[in-house]
Amino acid sequence: MALEARPLLWLALWTLAVPARSFGKDADGGWRRPGPGAPAAVTEEEHCTVERRADLSYAEFVQRYAFSRPVILQGLTDNSRFRDLCTRQRLLASFGDSVVRLSTANTYSYQKVDLPFEKYVEQMLHPQDPISMGNGAGSGVPFHWHGPGFSEVIYGRKRWFLYPPEKTPEFHPNKTTLAWLRDTYPALTPSARPLECTIQAGEVLYFPDRWWHATLNLDTSVFISTFLGTEVVAAASAQPTSAPLSGPGGG
């Protein structure tokens, strides 16, 4: 189960299995906890096939990526203030008594469970194995598509798998991404494999409209996603500029 989506922004938390890329002594925000590790399949890809860009101009983004392919954006913003607000200690202090709603990511996710955020964090964050739904390292969302969007990792790492709209992936909608990675991915020919990359803390992934994508959390993943209407992207393309891009998050 995972926290239910809210309009425009998603915030998700999962158990940490291995350290995130260093941001200093508090790099994991307190989310790394003692306990069992992640399944062996929860690793980064051998080779990232999504382009990483820093200092990308707005005009080049619209011309090369906005309508055609994903891109990983680096160095957009200084989100240190927001990172501070998203540590385990700060979130529990601010929202521990708040009620959150849990649901699964499959096509039969009719059941909703409400419980205090503190209970979710303290009792339900643990690694997921390939055959069960869970909240820990190894959890994620199976293949699906929607409008364009940005996803920024605040803590942890999130592995993404992406296909263009015309290339429907081979998957079962009610099996986990981890099960797909174990059972289906190894048999795919090179031409049938998705674009894939692990998004590190401080990076932002942009994906265009209707691109298929699935995710796999490798660590505790605190992330925020902003979903755009296609009319927003279309309007943006009519106003090119050479100024650098600004990030989806502030602070």
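- The name recorded for the protein in an unreviewed UniProt entry is JmjC domain-containing protein 8 isoform X4, from Bos indicus.

As for the overall build of the protein
- Summing up its helical and strand segments, the protein has six helices and 13 strands in all.
- Counting all 251 residues of the protein, 46% fall into the buried class.
- Sequence separation of 24 or more characterises 80% of the internal contacts of the protein that already satisfy a separation of 6 or more.

As for the packing of helix 3 (residues 88–95) against helix 4 (residues 117–124)
- One way to put it is that helix 3 packs onto helix 4 with a least axis distance of 8 Å and a crossing angle of 145°. Touching R88, L91, L92 and F95 of helix 3 are F117, E118, V121 and E122, all from helix 4.
- Split by residue class, the contact of helix 3 with helix 4 holds five nonpolar, no polar and three charged.

Section: empty space enclosed by the protein
- Applying the stated criterion across every chain, the model contains one cavity of 30 Å³ or more.
- Contributing to the lining of the largest cavity are P142, F143, F171, H172, K175, T176, T177, W180 and A214.
- The set of elements that each furnish at least two residues to the lining of the largest cavity consists of strand 7 (140–144) and helix 5 (177–183).
- Each residue belonging to the lining of the largest cavity can be placed in one class, and the counts come to five nonpolar, three polar and one charged.

Observations concerning the packing of aromatic side chains
- In total, this model carries 11 aromatic pairs according to the counting rule given.
- Where F61 meets F150, the ring centres are 6.2 Å apart and the plane angle is 25°; that geometry is what we call stacked. Taken together, the positions of F61 in helix 1 (residues 58–64) and F150 in strand 8 (residues 149–155) put the pair 89 residues apart, joining distant regions of the chain.
- Residue F61 is classed as buried on the basis of its relative accessible area of 7%.
- An angle of 55° between the planes, with centres 5.6 Å apart, marks the rings of F143 and Y163 as tilted.

Remarks on the sheet that holds strand 12 (residues 212–217)
- Ordered by their spatial adjacency, four strands build an open sheet running 7-12-9-10, and the pairing between neighbours is antiparallel. Two strands in the sheet have a free side with no partner beyond their single neighbour: strand 7 and strand 10 (195–200). Across the sheet, the mean angle from the axis of one strand to that of its neighbour is 20°, orientation sign disregarded.
- The pairing of strand 9 (residues 157–163) with strand 12 spans six bridges and is classified as antiparallel. The residue bridging L162 from the neighbouring strand is H213, located in strand 12.

Description of helix 3
- Listing the buried residues of helix 3 in full gives R88, L91 and L92. Across the axial projection of helix 3, the buried residues extend over an arc of 95°, all falling on one side. More than 90 degrees from the buried face of helix 3, the exposed residues found are Q89 and A93.
- If you follow the buried residues of helix 3, they end up packed against helix 2 (80–85) and helix 4.

Overview of the pairing of strand 9
- Of all seven residues that make up strand 9, seven are buried, and the element is covered over most of its length.
- The two faces of strand 9 match: R157, R159, F161 and Y163 on one face and K158, W160 and L162 on the other face are all buried.
- For strand 9 and strand 10, the ladder comprises six bridges, and the chain directions are antiparallel. Looking at the pairing, L162 lines up with L195 of strand 10.

Some points on the environment of H47
- Mapping H47 onto the fold places it in the loop between strand 2 (9–12) and strand 3 (52–54).
- Its relative accessible area of 60% is what places H47 among the exposed residues.
- Sequence separation of H47 and L195 is 148 residues, and the distance between their C-alpha atoms is 9.9 Å.

What counts as what
- Residues numbered from 1 in each chain as written.
- Predicted model: local features only at pLDDT ≥ 70, side-chain atom pairs only at ≥ 80, totals over all residues.
- Heavy atoms only, no water.
- Helix = DSSP H or I, 4+ residues; strand = E, 2+ residues; numbered from the N terminus.
- Buried < 20%, exposed > 50% of the residue type's maximum accessible area, 1.4 Å probe, protein only.
- Contact = heavy atoms within 4.5 Å.
- Axes fitted to C-alpha atoms, helices over the stretch in contact; angles between N-to-C directions.
- Nonpolar A, V, L, I, M, F, W, Y, C, P; charged D, E, K, R; others polar.
- 1 Å grid on protein atoms, 1.4 Å probe; cavity = no way out; pocket = protein on both sides within 12 Å on 5 of 7 lines; lining within 4 Å.
- Points joined across faces, edges and corners; volume = space filled by probe spheres on them.
- Phe/Tyr/Trp six-rings, centres within 6.5 Å; stacked < 30°, edge-to-face > 60°.
- Pairing = 2+ DSSP bridges.
- Arc of directions from axis to C-beta.

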